[in-house]
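# Summary of structural features
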Amino acid sequence: MRAVAVALVLADHGGIPGMGGGFLGVDVFFVLSGFLITSLLLDELGRSGRIDLGDFWIRRARRLLPALVLMVLTVAVGRQFFSPEALAGLRDDAVAAFFWMANWMFVANKTDYFTQGAPPSPLQHAWSLGVEEQYYIVWPLLLVAVAVMLAARARRRQGWATLGGVRLTVFLLAVLGVLASAAAAILLASDATRDRVYFGTDTRVQALLVGAAASALLVGDWSALNRGWSLIRSRWGKWIARVLPVIGLALLGLATHYATGSAHEFHEGLFTAVAIATVLVIAPVALDQRGPVAAVLAWRPLAWLGTISYGVYLWHWPIFLVLNGQRTGWSGLSLFGVRCAATLGVSILSWWAIERPVRRWRPVQVPLLPLAGATAATAAAVTMLVVPVVPRHGGGPLYSSLPPGVSQVAVVSPSPPKEPRSARAVAQRDPHRPFTVSVFGDSIGWTLMHYLPPTPGFQFIDHTVIGCSLVRGGPYRYMGQTLDQKSECESWPSTWRSEIAIDRPDAILLIVGRWETVDRVNEGTWTHIGDPAFDSYISGELGRAVDILSTGGAPVTVANLPYSRRGERPDGSLYPEDQPERVKEWNALLGRTIGHRAGVRILDFNKKLCPDGVYTADVDGIQVRSDGVHLTPEGVQWLTPWLEKSLR
């Protein structure tokens with residue numbers, strides 16, 4: 001079952017079609033963990049009359065901590081292989097992972113799990129380990145408390161507490177926990193709190209407690225179950241035990257195919273339904289291990305994958321991020337196969353070299369629980385020394401349009417000029433003033449103005465607005481997200497007229513195109529550049545923009561669009577707005593619409609930033625692009641002399 005769970009997660013993160021609900025594989029892990037841990041604890045209580053908490057926690061630390069420490073330190077040392085944006089907050093994520101609090105770190109930072117506005121942290125998958133370990137700490141304490149209270153109550157009555165009484169109480173406690181956790185998830189679920197519900201221990205513990213409730217209710221003889229004996233004696237019981245797993249697998253298949261991770265699904269009880277479907281598989285198969293589903297799950301390759309599943313889960317996410325479409329040149333199933341092969345190779349090495357030896361290590365004089373704490377603290381200290389502080393950006397629906405290092409406050413807000421606007425720019429043109437250029441555009445232009453070095457003889461007046469361009473209306477799709485157009489983007493014609501009248505510039509620079517290449521709703525249907533109706537619309541808007549900017553008589557320069565690679569889909573393919581065909585369509589439309597106009601010139605930004613005819617982040621040995629779209633400070637400095645010469 002661990003193999004099934006990890007396979008679902010791999011399929012989801014690998015972008016396999018029809019497996020968009022593979023993130024629910026984590027819930028399969030949770031239910032299985034709740035079932036196994038509760039069975040082990042109750043079995044220990046029944047055999048010895050006590051639960052050794054120290055020994056239990058040592059076993060958990062021995063199983064989980066060594067491979068986690070190795071994975072996190074490997075990510076820290078090899079951080080140059082990840083996107084700079086993915087490393088924002090890496091140090092905090094690592095420390096939180098070592099101390100099993102990663103899920104609450106992502107809640108505090110409002111991490112957007114399902115619609116990433118930027119490359120995700122290579123440690124984001126550690127959230128589920130945090131939920132499990134918090135359960136491993138609290139749940140045994142509750143079982144001990146139940147046993148102690150029942151023993152004290154029995155002593156007052158001059159009797160003995162029974163394991164059956166403990167199991168019944170634990171079952172009732174787990175059911176109450178499931179109801180409370182499910183209610184919290186349903187009540188908290190909304191578009192604004194979706195990721196809070198996804199990461200929160202309080203909302204996700206229901207799956208662990210469903211497994212715990214099934215164990216307390218059904219598993220009365222752990223030793224017999226562990227030997228593969230059938231604990232179901234009646235014919236009807238066996239028939240039911242062989243039908244329920246089929247129903248459970250069918251429900252899991254439907255959820256995996258149709259679930260999208262929407263707040264509506266969480267509000268409708270998706271997590272609870274998946275947990276119940278999972279326990280319909282796990283519990284009957286455990287009690288009667290000779291049924292057809294049990295035979296399939298006992299298939300040796302599945303059992304082998306389940307054995308190393310912890311390592312597979314740990315290593316797959318950073319490996320998937322490193323082996324991306326840009327680095328390998330592959331996408332789809334071929335890329336998925338390479339990623340899985342690399343993950344299996346590293347996981348097998350981790351199992352044989354780290355996980356199994358540590359589990360078998362039996363020191364005589366070393367106190368293991370303090371050693372585990374010291375190991376986590378040392379790893380955290382090493383990480384803090386090795387990994388530099390990188391500011392973490394808040395998530396948001398338009399975060400993906402922001403240049404790196406720019407606060408989300410700047411979204412759909414004009415950037416103030418770097419210097420107060422000269423009074424001479426407001427009056428009639430003064431022959432003694434610097435060559436004045438009014439700059440209009442979106443976040444690419446904003447970045448150009450933001451990082452512009454000193455320009456003697458030039459005065460650039462910045463009218464760029466992050467998140468806005470020529471196209472009005474919406475909604476539109478960007479990096480897989482469906483977003484609504486901000487109202488501030490609609491009024492550019494009147495705003496530009498007034499700004500041109502005030503500036504009276506010597507030249508005008510327009511930098512647009514990024515938002516023209518996305519999928520948009522136009523006249524009630526989804527469309528994009530290359531569609532004749534949309535091309536006609538955007539050609540008219542472009543003509544209007546040039547007419548407005550030309551009213552003062554200054555020549556207009558329109559920069560064409562360079563190739564981009566802002567991000568990629570889980571399967572390694574490009575999002576539509578980054579596809580070279582879209583860029584070519586827009587640049588061709590520029591030529592058709594304004595290429596023949598007097599006083600209007602097209603600046604070949606594409607050739608300058610992509611001299612080889614494909615996207616590149618480095619030109620002439622300089623990193624010119626920071627996130628696949630926006631310019632770096634070094635890139636702007638390299639570009640400025642060419643830009644000044646072109647505008648002159």
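Residues numbered from 1 in each chain as written. Predicted model: local features only at pLDDT ≥ 70, side-chain atom pairs only at ≥ 80, totals over all residues. Heavy atoms only, no water.

So, on to the sheet that holds strand 8 (residues 556-559). Reading across from one edge, 2-1-5-8-9 is the order of the 5 strands in this open sheet, with parallel pairing throughout. Unpaired on one side and paired on the other, strand 2 (458-462) and strand 9 (600-603) mark the two borders of the sheet. Geometrically, the sheet is characterised by an average inter-axis angle of 25° between neighbouring strands, direction not taken into account. Two strands pair when backbone bridges link them, and strand 1 (residues 435-441) and strand 2 are joined in this way by 5 bridges, in the parallel orientation. Across the sheet, the residue bridging to Phe-435 is Phe-458, located in strand 2. Here helix 21 (residues 492-503) sits on the sheet in contact with strand 1, strand 2 and strand 5 (507-511), set at roughly 170° to strand 1. Taken strand by strand, helix 23 (residues 580-594) contacts strand 8 and strand 9, and its axis lies near 165° from that of strand 9. (Pairing = 2+ DSSP bridges. Helix = DSSP H or I, 4+ residues; strand = E, 2+ residues; numbered from the N terminus. Axes fitted to C-alpha atoms, helices over the stretch in contact; angles between N-to-C directions. Contact = heavy atoms within 4.5 Å.)

Tallying each qualifying case throughout the model produces 29 aromatic pairs. Between Phe-23 and Phe-114, the ring centres sit 5.1 Å apart and the planes meet at 80°, which makes this aromatic pair edge-to-face. You can see Phe-23 sitting in the loop between helix 1 (2-13) and helix 2 (25-48) and its partner Phe-114 sitting in the loop between helix 5 (102-108) and helix 6 (127-156), a full 91 residues away along the chain. Phe-114 gets classed as partly exposed once you look at its relative accessible area, which sits at 21%. Residues Tyr-113 and Tyr-198 carry aromatic rings whose centres are separated by 4.5 Å and whose planes lie at 25° to one another, so their mutual orientation is stacked. Of the two residues, Tyr-113 is situated in the loop between helix 5 and helix 6 and Tyr-198 in helix 8 (residues 194-199); the sequence distance between them amounts to 85 residues. In this structure, Tyr-113 and Tyr-198 share a single accessibility class: buried. (Phe/Tyr/Trp six-rings, centres within 6.5 Å; stacked < 30°, edge-to-face > 60°. Buried < 20%, exposed > 50% of the residue type's maximum accessible area, 1.4 Å probe, protein only.)

With that settled, consider a nonpolar patch on the surface. A cluster of nonpolar side chains, namely Ile-137, Val-138, Leu-141, Leu-142 and Leu-173, defines an oily patch on the protein surface of about 370 Å² accessible area. No other element matches helix 6, which puts 4 residues into the nonpolar patch. Residue position: Leu-141 is located in helix 6. According to the relative accessible area criterion, Leu-141 is partly exposed, its value standing at 41%. (Patch = residues over 30% accessible without salt bridge, like charges linked within 9 Å, V, L, I, M, F, W, Y side chains within 5 Å. Areas by Shrake-Rupley, 256 points an atom, 1.4 Å probe, with all protein chains shown as cover. Salt bridge = Lys/Arg side-chain N within 4 Å of Asp/Glu carboxyl O.)

Quick look at the pattern of salt bridges now. This structure, assessed with the given rule, holds 18 salt bridges. When the shortest N-O distance is used, the salt bridge between Arg-194 and Asp-195 registers 4.0 Å. On the basis of relative accessibility, which here comes to 14%, the residue Arg-194 falls in the buried class. Judged by relative accessible area, which is 13%, Asp-195 ranks as buried. Between Arg-433 and Asp-506 there is a salt bridge; the shortest N-O distance is 3.8 Å. One end of the pair, Arg-433, is in the loop between helix 19 (368-386) and strand 1; the other, Asp-506, is in the loop between helix 21 and strand 5, with 73 residues separating them in the sequence.

Quick look at the environment of Ala-207 now. As for its placement among the helices and strands, Ala-207 is situated in helix 9 (residues 201-218). Overall, the relative accessible area of 1% leaves Ala-207 in the buried class. Spatially, the C-alpha atoms of Ala-207 and Gly-311 are 22 Å apart, while their sequence positions differ by 104 residues. The residues contacting Ala-207, other than those within four sequence positions of it, are Asp-27, Phe-30, Val-31 and Ala-275.

Throughout the structure, instances matching the rule amount to 1 disulfide. Disulfide partner of Cys-468: Cys-489, at an S-S distance of 1.9 Å. One quick way to see it: the torsion about the S-S bond of Cys-468 and Cys-489 is about -70°, and its sign makes the bridge left-handed. Within this pair, whereas Cys-468 is found in the loop between strand 2 and strand 3 (476-478), its partner Cys-489 is found in the loop between strand 4 (481-483) and helix 21, the two being separated by 21 residues in sequence. The pair Cys-468 / Cys-489 is uniform in exposure class, with both members buried. (Disulfide = S-S within 2.5 Å.)

All right, on to the sheet that holds strand 6 (residues 519-522) then. Here 4 strands make up an open sheet; going across it, the order is 4-3-6-7 and the pairing antiparallel. Of all the strands in the sheet, just strand 4 and strand 7 (525-527) have a single pairing partner and so form its edges. Strand-to-strand twist in this sheet, taken as the mean axis angle between neighbours without regard to direction, amounts to 30°. One ladder, built from 3 bridges, connects strand 6 with strand 7; its direction is antiparallel. Its bridge partner being in strand 7, Asn-522 is matched across the sheet by Thr-525.

As a volume, the second largest pocket reaches approximately 1400 Å³. Surrounding the second largest pocket, 41 residues form its lining, Met-1, Arg-2, Leu-32, Leu-36 and Gly-306 being those nearest its centre. With 9 residues, the top contributor of residues to the lining of the second largest pocket is helix 2. (1 Å grid on protein atoms, 1.4 Å probe; cavity = no way out; pocket = protein on both sides within 12 Å on 5 of 7 lines; lining within 4 Å. Points joined across faces, edges and corners; volume = space filled by probe spheres on them.)

Another aspect to go through is the side chain of Arg-520. Mapping Arg-520 onto the fold places it in strand 6. As a buried residue without a salt bridge, Arg-520 has its nearest oppositely charged side chain in Glu-516, at a separation of 5.9 Å. Here Gln-485 takes part through its side chain, which lies 3.3 Å from a polar atom of the side chain of Arg-520. For Arg-520, the side chain forms a polar contact with the main-chain oxygen of Trp-515, separated by 3.2 Å. (Lys, Arg positive; Asp, Glu negative; His and termini not counted. Polar contact = N/O pair within 3.5 Å; in protein donor to acceptor, adjacent residues only side chain to side chain.)

What follows concerns the pairing of strand 2. The side chains of a regular strand alternate between both faces of the sheet. Among the 5 residues of strand 2, 5 are classified as buried, and the element is accordingly described as predominantly covered. Burial of strand 2 is two-sided: the residues Phe-458, Phe-460 and Asp-462 facing one way and the residues Gln-459 and Ile-461 facing the other way are all buried. Following the chain from strand 1 across helix 20 (residues 443-450) to the adjacent parallel strand 2, one finds a crossover that is right-handed. (Right-handed = clockwise from strand over helix to strand, strands pointing away.)

This part covers the pairing of strand 6. Pairing of strand 3 with strand 6 involves 2 bridges; the strand directions are antiparallel. Looking across to strand 6, one finds that Arg-477 is bridged to Asp-519. With antiparallel pairing between neighbouring strands as the criterion, strand 6 and strand 7 make up a hairpin whose turn holds 2 residues, including Glu-523 at a positive phi of roughly 55°.

Once that is clear, we can look at unusual backbone geometry. Trans peptide bonds make up the majority, and among non-glycine residues the majority have a negative phi. Unlike most non-glycine residues, Trp-100 shows phi in positive territory, near 60°. With respect to the helices, strands and loops of the structure, Trp-100 is situated in the loop between helix 4 (90-98) and helix 5. Its relative accessible area of 13% is what places Trp-100 among the buried residues. The backbone of Asp-620 sits at a positive phi, close to 55°, despite the residue not being glycine. Mapped onto the elements of the fold, Asp-620 is located in the loop between strand 10 (618-619) and strand 11 (622-623).

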